[in-house]
Amino acid sequence: MPKTILITGCSSGIGLHCALGLKKRGYRVFATARKKKDVQMLSKRGLESFQLDVDYTSSIRNAMKEIQKRTKRLDALFNNAGYSQVGAVEDIPRDAMRAQFETNVFGALELANAVIPLMRKQKSGRIIWNSSILGLVAMPMRGIYNASKFAMEGLVDTLRLELEGSGIQVSLIEPGPVRSKVRKNALPIFRRTIDKKNSVYQQTYRELEEKLKEEGPVAPFTLGPEAVLKKLIHALESPNPKARYYVTFPTYLFGFLRKVLPIRVLDFLLKRV
Ligand SMILES: NC(=O)c1ccc[n+]([C@@H]2O[C@H](COP(=O)([O-])OP(=O)(O)OC[C@H]3O[C@@H](n4cnc5c(N)ncnc54)[C@H](OP(=O)(O)O)[C@@H]3O)[C@@H](O)[C@H]2O)c1
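In what follows, the accompanying structure is described.

1. What about the overall build of the protein chain?
And then number 1: Check the secondary structure of the protein chain and you find ten helices and six strands.
And then number 2: Computed over its C-alpha atoms, the radius of gyration of the protein chain comes to 18 Å, within 12% of the 19 Å expected for a compact globule of 273 residues.
And then number 3: On the principal axes, the C-alpha backbone points of the protein chain span a range of 55 × 45 × 30 Å.
And then number 4: Taking all 273 residues of the protein chain together, the buried fraction comes to 41%.

Here's what the structure looks like:
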């Protein structure tokens, strides 16, 4: 029996690459996306696909029904869907705060809670969460995204304690810069949500917008999504999966520095990356 895995956010980037990579490795992959056209694209690429928008309980329920129609076992969930709300903390409207948490935190958690009973019955399962280097250290202009990934880190640390002995293992993946559509997707949200004209950060926002518009990597040490796939495979297949998987040099660097540097020195560095 091939192992089954449900992946969220497979329309592009890390989710798409991991879905294709795991299928090639022999997994039965339920590669989900929130738009119909992306479900069609995924099906055309030979993946089993259906719609799943993690912002909606109804969509999560439908996806669970779909899975139960197709299989009795679900070996793994990769909670990958997410987006990056950009903007200074003092400029984030409440709706944008909520939306960021709906997708990156509440959606991922509600989906995990939907698969846990199934995995408890099986006495096995792996839930892997796509967090971020920004779940470990902060960065200016990313405050609410930071908050969502810090929240994910806290929830998963708790889950790990609570699930002990259940046969279910949880792991976090901590990518630094990885090639994907994350910046392209962040741009319209940034434009829609942030009142740039009335902000003290007008100049910063102009520079930020230019960066978001750029195609291709803008940060040093950017890796391709295959770097995440490699860690995902370890988290899925190792008899002793790690609690945290670092991906990219910046994650290793800041993962270390945050433990050893005084906060003032760490802040000095983080303001400059
Ligand atoms: N790339 C990086 O540098 C990086 C670094 C650290 C962490 N991450 C994390 O990696 C994950 C994947 O992002 P990516 O870099 O691959 O970017 P991406 O190419 O923009 O992919 C994000 C995926 O999430 C989906 N998504 C967004 N909101 C959703 C919702 N409500 N329900 C279901 N799917 C939704 C998107 O679907 P649509 O196409 O419909 O919008 C897309 O498929 C995210 O959680 C991100 O925070 C990325």
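Past the structure itself, the notes keep going.
2. Observations concerning the sheet that holds strand β6 (residues 244-247)
And then number 1: The six strands are arranged β2-β1-β3-β4-β5-β6 in an open sheet whose pairing can be described as parallel. Two strands in the sheet have a free side with no partner beyond their single neighbour: β2 (28-31) and β6. On average, each strand axis in the sheet is tilted by 15 degrees relative to the strand beside it, whichever way the strands run.
And then number 2: Here strand β4 (residues 125-130) pairs with strand β5 (residues 168-175) via six bridges, running parallel. Along β5, the bridge assignment pairs Arg 126 with Gln 169.

3. Overview of the nonpolar core
And then number 1: Membership of the largest hydrophobic core comes to 51 residues, with the highest contact counts inside it found for Ile 5, Ile 7, Cys 18, Ala 19, Val 29 and Leu 232.
And then number 2: Those residues in contact with Ile 7 that sit more than four places away from it in its chain are Gly 15, Cys 18, Ala 19, Val 29, Phe 30, Ala 31, Thr 32, Phe 78 and Asn 80.

4. So, the site of the ligand
And then number 1: Close to the ligand lie 30 residues; Gly 9, Gly 13, Ala 81, Gly 82 and Ser 180 are nearest.
And then number 2: Elements represented by at least two residues in the shell around the ligand include exactly α1 (13-24), α4 (94-122) and α6 (182-193).
And then number 3: In terms of residue count, the dominant contributor to the shell around the ligand is α1 (three residues).

5. Re the pairing of strand β1 (residues 4-7)
And then number 1: Bridge count between β1 and β2: four bridges; the pairing is parallel. Bridged to Leu 6 within β2 is Phe 30.
And then number 2: Between β1 and its parallel partner β2, the chain crosses via α1, and the hand of that crossover is right-handed.
And then number 3: By the bridge criterion, three bridges tie β1 to strand β3 (residues 76-79) in an arrangement that is parallel. Paired with Ile 5 across the bridge in β3 is Ala 76.

6. Considerations on the environment of Arg 160
And then number 1: With respect to the helices, strands and loops of the structure, Arg 160 is situated in helix α5 (residues 143-162).
And then number 2: A sequence separation of 29 residues divides Arg 160 from Ile 189, and the C-alpha atoms of the two residues are 33 Å apart.
And then number 3: For Arg 160, the contacting residues outside a window of four places in its chain are Val 170 and Ala 243.

7. So, α5
And then number 1: Taking 1.5 Å of rise per residue, the 20 residues of α5 would be expected to cover 28 Å, and the 28 Å separating its terminal C-alpha atoms lies within 8% of that figure.
And then number 2: Restricting attention to buried positions, one finds in α5 the residues Gly 143, Ile 144, Tyr 145, Asn 146, Ala 147, Ser 148, Lys 149, Met 152 and Val 156.
And then number 3: Here the buried face of α5 lies against α4, β4 and β5.

What counts as what
- Residues numbered from 1 in each chain as written.
- Predicted model: local features only at pLDDT ≥ 70, side-chain atom pairs only at ≥ 80, totals over all residues.
- Helix = DSSP H or I, 4+ residues; strand = E, 2+ residues; numbered from the N terminus.
- Rg over C-alpha atoms; globule rule 2.2 N^0.38 Å.
- Buried ≥ 20, exposed ≤ 12 C-beta atoms within 10 Å, placed from the backbone.
- Pairing = 2+ DSSP bridges.
- Axes fitted to C-alpha atoms, helices over the stretch in contact; angles between N-to-C directions.
- Core = buried A, V, L, I, M, F, W, Y, C linked by C-beta atoms within 7 Å.
- Contact = placed C-beta atoms within 7 Å.
- Near = placed C-beta within 6 Å.
- Right-handed = clockwise from strand over helix to strand, strands pointing away.
- Expected span 1.5 Å × (residues − 1).

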